[in-house]
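# An overview of the molecular structure
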Amino acid sequence: MQCLYDSGCDEATSRQIMEKLQSEDQRGALKILACHRKELMDNVHEKQKCVDCLDYLAWQMKKCDQ
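Residues numbered from 1 in each chain as written. Predicted model: local features only at pLDDT ≥ 70, side-chain atom pairs only at ≥ 80, totals over all residues. Heavy atoms only, no water.

### A short note on the nonpolar core
The condition is simple: For our purposes a nonpolar core is just a set of buried Ala, Val, Leu, Ile, Met, Phe, Trp, Tyr and Cys residues, chained together by side-chain atoms within 4.5 Å. Relative accessibility under 20% of the residue-type maximum defines a buried residue, over 50% an exposed one, and the middle range a partly exposed one, all with a 1.4 Å probe and only protein chains included. Contacts: residue pairs with any heavy atoms within 4.5 Å of one another.
Membership of the largest hydrophobic core is limited to five residues, which are Leu4, Cys9, Ile17, Ala29 and Ile32. With residues up to four places along the chain from it excluded, the contact list for Cys9 reads Leu4, Ser14, Ile17 and His36.

### A look at the packing of helix α2 (residues 11-22) against helix α3 (residues 26-65)
Going by this rule: Axis geometry follows a simple rule: fit a line to the C-alpha atoms, using only the stretch in contact for helices, then measure angles between N-to-C directions, giving values from 0 to 180 degrees. Each helix corresponds to a stretch of at least 4 residues labelled H or I by DSSP, and each strand to a stretch of at least 2 residues labelled E; elements are numbered beginning at the N terminus. When an angle is under 35 degrees it counts as roughly parallel; over 145 it counts as roughly antiparallel; between 65 and 115 it counts as roughly perpendicular; any other value is oblique. Here is the rule for handedness: rotate from the far helix to the near one, and if that takes an anticlockwise turn smaller than a right angle the crossing is left-handed, while a clockwise turn gives right-handed. Basically, the charged four are Asp, Glu, Lys and Arg, the nonpolar ten are Ala, Val, Leu, Ile, Met, Phe, Trp, Tyr, Cys and Pro, and anything else, Gly included, counts as polar.
Running from N to C, α2 and α3 cross one another at 160°; their axes reach a closest spacing of 7 Å. Considering the angle they form, α2 stands roughly antiparallel to α3. Here α2 runs over α3; the crossing is left-handed. Listed contacts from α3 to Thr13, Gln16, Ile17, Lys20 and Leu21 of α2 are Gln26, Gly28, Ala29, Ile32 and Leu33. Residues of the contact of α2 with α3, tallied by class, amount to five nonpolar, four polar and one charged.

### Considering unusual backbone geometry
One non-glycine residue, Glu24, adopts positive backbone phi at about 60°. Locating Glu24 in the fold gives a position in the loop between α2 and α3. Here Glu24 falls in the exposed class, since its relative accessible area comes to 74%.

### A look at α2
Definition in use: Expected helix span is taken as 1.5 Å per residue step, with the number of steps being one fewer than the number of residues. The directions considered for the arc run from the helix axis to the C-beta atoms.
An ideal rise of 1.5 Å per residue puts 16 Å on twelve residues; α2 measures up with 16 Å between its terminal C-alpha atoms. All of the buried residues along α2 are Thr13, Ser14 and Ile17. Taken end-on, α2 shows its buried residues confined to a sector of 100°, consistent with a single buried face. Lining the buried residues of α2 we find α1 (2-6) and α3. A positive backbone phi angle near 60° is found at Glu24, which sits one or two residues after α2.

### Concerning the pattern of salt bridges
Just so we agree on the cut-off: Salt bridge criterion: a side-chain nitrogen from Lys or Arg within 4 Å of a carboxyl oxygen from Asp or Glu.
Per the counting criterion, the structure on display carries three salt bridges. Between Glu11 and Arg15 there is a salt bridge, with the nearest N and O atoms lying 3.1 Å from each other. One end of the pair is Glu11 and the other is Arg15, both in helix α2 and four residues apart, which spans about a single turn. Given a relative accessible area of 41%, Arg15 falls into the partly exposed group. One salt bridge in this structure joins Asp42 and Lys38, with 3.0 Å as the shortest N-O distance. Of the two residues, Asp42 and Lys38 are both situated in helix α3; the distance of four residues between them amounts to about one turn of the helix. Judged by its relative accessible area of 53%, Lys38 falls in the exposed class.

If you want it as structure tokens, here you go:
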């Protein structure tokens, strides 16, 4: 359960996964984990775009300063 919380799963998602595992529905638990992973990766990609924009802005500012 702690590992699920550490990976960013909220209480409801963690409970769903645990229920799937207790009913021996490993495939169902893995499906929920995959969905959560996709959400996390979407967030990573969104934040990476923000970092890329900041890097480009800083590069442009330095370029104009020369």
